[in-house]
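# Architecture and fold: a report
The chain contents come next:
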Amino acid sequence: IYEPGRKASYYLTKVGGPTKSSDPGAIFIVRADGSILSREQGVDVVGAIMIPGDSIVVPSQIEKYDFWASLRQSTHFLYEATLSVAIVLAALRR
């Protein structure tokens, strides 16, 4: 519910604040007229006074894809699966 003169930080606190998976440094405000307030414009977004119709957007952090870590996990899984199959086959031959 809109309260005149309140800053974005007030509304963020009211809803419980950003989650662990959010990117607080990337918060921006979409004004009712479609304009955007962001840190990249040199605006203190959480200190901005909200006006009716504004929306606060808190994006999620984007995790970088690590090819080598993924390859390591996949080969480890294949090794364990192959070893398990070999153990079962050896047990069945007895």
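Quick note: structure is the one above.
Heads up: these notes are all about the structure in this document. (Residues numbered from 1 in each chain as written. Predicted model: local features only at pLDDT ≥ 70, side-chain atom pairs only at ≥ 80, totals over all residues. Heavy atoms only, no water.)

The tally for this structure, following the rule as stated, stands at 2 salt bridges. Here arginine 6 makes a salt bridge to glutamate 3, at a shortest N to O gap of 3.3 Å. A relative accessible area of 34% places arginine 6 in the partly exposed class. With relative accessibility at 25%, the residue glutamate 3 sits in the partly exposed group. With a shortest N-O distance of 2.2 Å, aspartate 54 and arginine 31 are connected by a salt bridge. (Salt bridge = Lys/Arg side-chain N within 4 Å of Asp/Glu carboxyl O. Buried < 20%, exposed > 50% of the residue type's maximum accessible area, 1.4 Å probe, protein only.)

With 27 residues, helix α2 (residues 67–93) extends 39 Å from end C-alpha to end C-alpha; this agrees with the ideal 39 Å at 1.5 Å per step. Taking the backbone nitrogen of tryptophan 68 as reference, a side-chain oxygen 3.3 Å away marks aspartate 66 as the first, capping residue of α2. (Helix = DSSP H or I, 4+ residues; strand = E, 2+ residues; numbered from the N terminus. Expected span 1.5 Å × (residues − 1). Polar contact = N/O pair within 3.5 Å; in protein donor to acceptor, adjacent residues only side chain to side chain.)

Following the sequence through the fold, aspartate 54 ends up in the loop between β2 (36–38) and β3 (55–57). Under the relative-accessibility criterion, aspartate 54 is labelled buried at 14%. For aspartate 54, the side chain forms a polar contact with the main-chain nitrogen of alanine 32, separated by 3.4 Å. There is a polar contact of 3.0 Å between the side chain of aspartate 54 and the backbone nitrogen of isoleucine 51. Contact partners of aspartate 54, with chain neighbours within four places excluded, come to Ile29, Val30, Arg31, Ala32 and Ile49. (Contact = heavy atoms within 4.5 Å.)

Judged by nonpolar contacts, Ala8, Tyr11, Leu12, Ile27, Ile29, Leu37, Val45, Ala48 and Met50 together constitute the single largest core of 9 residues. Among the elements that take part in this core, helix α1 (residues 8–14) stands out by supplying 3 residues, more than any other. Contact partners of leucine 37, with chain neighbours within four places excluded, come to Phe28, Ile29, Arg31, Val43, Val45 and Ala48. (Core = buried A, V, L, I, M, F, W, Y, C linked by side-chain atoms within 4.5 Å.)

Moving on to the sheet that holds β2. Strand order in the open sheet made by the 3 strands is β2-β1-β3, with antiparallel pairing throughout. A single partner strand is all that each edge strand has here, and the edge strands are β2 and β3. Put simply, the sheet's adjacent strands are angled 20° from each other on average, direction ignored. (Pairing = 2+ DSSP bridges. Axes fitted to C-alpha atoms, helices over the stretch in contact; angles between N-to-C directions.)

Nothing here speaks to function; it is all geometry.
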